[in-house]
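What follows is the residue order along each chain.
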Amino acid sequence: MVITSFSYSQDCNYTFLGELTDFHDGTPIISATIYIKERDRYTTSDFDGKFKIENLCKGPLTLTISHIGCETKTVSYNINGDTFKSIALEHHIEELSEVSVSGKIQRNVTETAQETVIKAETLSKYSALSLGDALKEVPGVSSINTGNTIVKPMINGMHSSRLLVLNNNVRLQDQEWGIEHAPSVDINSADQISVIKGAGALAFGGDAVGGVIVINPRPTILTDTLYGQTIIGGQTNGRGFNFSSSLNKSFKGGWYVNAQGSYKQNGDFEAPDYNLSNTGLQSGGFTFKGGKRKFESGFEVFYSYLNNTIGILRAAHIGNITDLVDAINSQQPAVINDFTYDIVSPRQEITHHLVKAQYYKRFKKFGKVNVQYDYQNNQRFEFDVRVGDDRNKPAIDLNLQTHTVLFDVNLDSNQDYSIDFGVMGRYQNNFANPETGVRRLIPDYDKYDFGAYVTSSYSVNENLLLDAGIRYDFNRIDALKFYRTSRWEERGYDIDFADIVIEDIGTQLLTNPVFNFHNISASAGIKANLNEHSYIIGNYSLARRPPNPSELFSEGLHHSAARIELGDLRLGQELSHRVALSYSYKDSNFNMLLEGFYNRINDFIYIEPFGVEQTIRGAFPVWNYVQSDSELYGIDLNAAYNITENWNLRNKSAFIIGNDLDRNRPLIDIPAFTTENTLSYTNSNWKDFTIGLTSQLVLEQTRFPDNNFNVFIPSRNETVLVDISTPPPAYHLMHLYGEMTFNAFKTSDIKVALSVNNIFDTQYRSYLNRLRYFADDVGRNILLQIQFNY
Amino acid sequence: MSYMNLNNYLNNQVKTINTMKTIKLLSLALLFSIAFTSCSDDDDAPIPVNEEEVITTLRLTLTPQGGGNPVVFESRDLDGDGPDAPIVTTGTLNVNTVYNGSVEVLNELEDPIEDKTTEIAEEDDEHQFFFQYTGGVGPTIVYNDQDDNGNPVGLDITLTTGANGSTNTLTVTLLHEPDKDAPGVSDGDPTNAGGETDIEVTFNFAVI
């Protein structure tokens, strides 16, 4: 007993020396509170971040350290002598917000690019619609449509392969080259979307000549919570309904799971005067996310599934130029049936799977390292109007599989500057099923990509920020394609590409085109705060985009356009120089953002008419992919003014010009001037009541290339002018939106939203709807949506 | 070891470990990506697609009712939507003569040659041929066949020539899913028929 008590008193002479440092840069943390559990006493760190606890006994020591702006941290030690410990604390609470605060906080992806963030509450309005519809919230973003449900986003006049779409940090690989291929993303799985105009976000790719769309799912809350959201809705036009639900569970140790599912369906939409037959949609999606998220390290697995069956206006499937002439001259579509939910041919059936596994770790005084692998499987069936045994066989059956490995490092240990760098490796395989009985639109190919980038940003002072980046990409495409011998020779490939022929099977040649592309892209920008109300952004970006498989290899008849489209093996990369300037002003009653850009694209790839070929169906115009130096420039405006506390007026406008400099004429498919004014009334005392009336004016596009041609129609013994170029007239639509939020229980609320689109059932056609030759756009649509948050 | 020395020493140790870890991770990721991009050479030669749906050949055989050699009007395009134009062959018809006309539609890209005529006959309610002529006193055409609804199809016709003339044309059109009940359609006028054109061929011929 004596010995024991002696040893006890002996053991209580130890000293614990602690040093608190910032995890990022190692600087001392001053005046932190340290709670010593065993003694139920407090101490604080000194000017060097150090603290001392004397007369400690042998045994456990538990310290809880807290400091303003830091995550509270508890550490335990077993004291067995004098001890020194350096304890790192996470001191950047604003960075933590990216993982710990719900979607109300805006999380920008870039510093000096023209980036607009669409937040969760705005996105939820589009639950019944599509990604492309929601993106139009951003001035300068429009869409190129095939009907009402295939909505392809367009940023400052650019679309398809010139836009990158990132879904939860995975670059979407979903055959985006096709103009009638909408992005395979369920709008209901998105919590926040960043639209970046131009190629400023080099971490994602160097070929974003038009821009980048970054879709983020709901962020994870670090505290122990369970919450969810359910949206149900219905719409009168198309008699559609939609349902979406998500559930999140977070545990204290940083573990979390999230599941979300949605389903929507509609039947034939209606134009003011008639039914748009076969424009139904069935769409179902599911996502699962789970993992562990701590400040120092974490991992995530993510899976998303989307299945869409999309009907395409029956009258848009035509056989030849005579049919097209009839369609253009007729005021009505050639096929008008009664309303139905059934979807027949022509239609698309698309399934997209995305699997991602990600791991990150932070290192003291260094930064964050992120490793990610993702796999995507995109299956596309397109069913044409066919006869006989082929009736139920798809005309297009393409399977695109992509594996990507990413490795990113984010050096953020210094407060003033940060450096990000990373490498990317990707393998992609396209398989075109020959069972279709239709020659392959896109050939079988293997594609290999490798990329590496460095970006950095530097805060000169609190009012001036600079950033710059450079990226290198290598792309190799190795295809196996059958050419008709007659086409091969007509294109002159027998002279230029004789060495790639593998096999001659009579009427067709099997060839092995292999292309390697080296791309360098770069960006540099500046953001300067002029005063407390305003800032300017200036940005230059250089982007290079290699031709996509469609531009290289297309060869065939395009049914809804009644034209033969031909790719070109001789195409090279296009090169874009984009200069952007933004001015932002914000005070308590007025805010505006003015964004200007000039985009010069050398060797811009587009398709233009080339000649006429005779087939047994009659004459068809042939359209070739060509390259030409081009320029685009424009201004986007977003301004809002609070008239009174309750009344608000908002304007969104976009103006853009596109010129083909080589041919000295306007570019095709450039949106006309649009302006949108919304007058809204909000009263937070009346259950967050909001009502807004929107006037949307779209002018007629007067700048367009004249691709009209004359064709002789033998059955009528006459020559007619086929006017495929003239854009439809201007139109003006009015929309109404209202919502109220009711508290249901202690922690849940119900939001009811009613919107009326196209209030006056105005008849119109949009220049950027590829079905504008065949039918009017949709008429009035009343949507009711109920959202439960719990 | 003094307090400050210990501090520096520990800091340096942490740095070294972190740098090593980073290098390891970097090289691992690189290896991973290289492995991925190099393990994929499964260059199985794809099989060629013989177009099942393409119509290469339309053949209208006109046999004089009173006997004599049949006259064949034919359009043949062996490269389908390819750049080569169809090869059109015609013949000369006699004045004031009644011909039995039969239409054949073929896909000669398939082996054996696929006779599309039977497919059209099976789905005759969804198909109709139209025969339109220009020129002098042209021939008259009568449909001899009907679908289940009693509407004409046009695989079997009777063509009666009129007076002589050297610049006549006959345009044969095959429409898929025409509205056969629309005005004039069952009389052989496609103006109101709608549908989509599967064949549109013009034959130049003389009547002597």
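Since we're looking at a predicted model, the values are computed, not measured. Each chain carries its own residue numbering, running from 1 in the written order of its sequence. All chains are assigned letters beginning at A, and all ligands numbers beginning at 1, according to the order in which they are written. The model is predicted, so local features are restricted to residues of pLDDT at least 70 and side-chain atom pairs to those at 80 or more, both for listing and for counting; the totals for chains, interfaces and linings are taken over all residues.

**Q** Lay out the overall build of chain B in plain terms, naming residues and giving numbers.
**A** Regarding its fold elements, chain B presents two helices and 11 strands. Here chain B holds 208 residues, and 33% of them are scored as buried. Note that contacts rest on C-beta atoms placed from the backbone: two residues are in contact if these are within 7 Å. At a minimum sequence separation of 6, the contacts of chain B that also span at least 24 residues come to 61%. In DSSP terms, a helix is any run of H or I states spanning at least four residues, a strand is any run of E spanning at least two, and both are numbered starting from the N terminus. Exposed residues have 12 or fewer other C-beta atoms within 10 Å of their own C-beta, buried residues have 20 or more, and partly exposed residues fall in between, where C-beta atoms are placed from the backbone.

**Q** If you had to explain the sheet that holds strand 12 (residues 170–171) of chain A to someone new, which residues and values would you point to?
**A** The strands that make up a sheet pair up through hydrogen bonds in the backbone, lying either parallel or antiparallel. Pairing is mixed in the open sheet, where five strands are placed in the order 8-13-14-11-12 (chain A). Because the sheet does not close on itself, it has two edges, and the strands there are strand 8 (114–118) and strand 12 of chain A. Strands were regarded as paired on the criterion that DSSP finds at least two bridges between them.

**Q** Any chance you could break down the environment of Gly506(A) for me, citing the residues and the numbers?
**A** Residues and elements named next belong to chain A. Along the chain, Gly506 falls in the loop between strand 28 (501–504) and strand 29 (508–511). Under the C-beta neighbour-count criterion, Gly506 is labelled exposed, with 8 such atoms within 10 Å. Placed 22 residues apart in sequence, Gly506 and Arg484 show a C-alpha to C-alpha distance of 9.1 Å.

**Q** Hey, could you go over the nonpolar core for me, with residue numbers and the actual values?
**A** For our purposes the nonpolar core covers buried Ala, Val, Leu, Ile, Met, Phe, Trp, Tyr and Cys residues that link as a set through C-beta atoms within 7 Å. Counting 85 residues, the largest nonpolar core has Ala134(A), Leu166(A), Ile193(A), Val212(A) and Ile213(A) as the members making the most contacts within it. Inspection of this core shows a minimum of three residues originating in each of domain 2 (95–214) and domain 3 (215–789) of chain A. Aside from chain neighbours lying at most four places away, what touches Ile213(A) is Leu135(A), Pro153(A), Leu163(A), Val165(A), Leu166(A), Ile193(A) and Val195(A). Counting 35 residues, the second-largest nonpolar core is a separate cluster that includes Ile616(A), Leu93(B), Tyr133(B) and Leu155(B). Each domain's extent is set by a domain assignment, obtained either automatically or from a database.

**Q** I'd like a rundown of the domain arrangement of chain A, residues and numbers included.
**A** All names here are of chain A. Taken as a whole, chain A is organised into domain 1 (2–91), domain 2 (95–214) and domain 3 (215–789). Measuring from the centre of the C-alpha atoms in domain 1 to the corresponding centre in domain 3 gives 55 Å. Residue-level contacts link seven residues of domain 1 with eight residues of domain 3.

**Q** For the interface of chain A and chain B, give the residues involved together with the corresponding values.
**A** Contacts between the two partners involve 59 residues from chain A and, on the opposite side, 58 residues from chain B. Here the element with the most residues in the side of chain A that touches chain B is strand 25 (residues 417–432) of chain A; it accounts for four residues. Looking at the side of chain A that touches chain B, its residues break down into 26 nonpolar, 19 polar and 14 charged. Here the term charged refers only to Asp, Glu, Lys and Arg, the term nonpolar to Ala, Val, Leu, Ile, Met, Phe, Trp, Tyr, Cys and Pro, and the term polar to all other amino acids, Gly among them.

**Q** Got a sec to walk through the environment of Asp776(A)? Specific residues and values, please.
**A** Residues and elements named next belong to chain A. Structurally, Asp776 is set in the loop between strand 44 (749–757) and strand 45 (781–789). Spatially, the C-alpha atom of Asp776 lies 63 Å from that of His67, the residues being 709 residues apart in sequence. Contacts of Asp776, omitting those with residues within four sequence positions, involve Ala271, Pro272, Asp273, Gln763, Tyr764 and Arg765.

**Q** Now, about the sheet that holds strand 5 (residues 59–66) of chain A: what can you tell me, with residues and values included?
**A** Residues and elements named next belong to chain A. One open sheet holds the four strands; their spatial order is 3-2-5-6, and the pairing between them is antiparallel. Each edge of the open sheet carries a strand with a single partner, namely strand 3 (41–44) and strand 6 (73–79). Adjacent strand axes in the sheet meet at a mean angle of 25°, parallel and antiparallel pairs treated alike. A fitted line through C-alpha atoms serves as each axis, taken over the contacting stretch for helices, and the angle formed by two N-to-C directions is quoted from 0 to 180°.

**Q** Run through the environment of Val75(A), naming residues and quoting values.
**A** All names here are of chain A. For Val75, the position within the fold is in strand 6. We classify Val75 as partly exposed; it has 13 C-beta atoms within 10 Å. Separated by 50 residues in the primary sequence, Val75 and Asp25 have C-alpha atoms spaced 20 Å apart. When near neighbours in sequence (up to four residues on either side) are disregarded, Val75 contacts Leu63 and Ile87.

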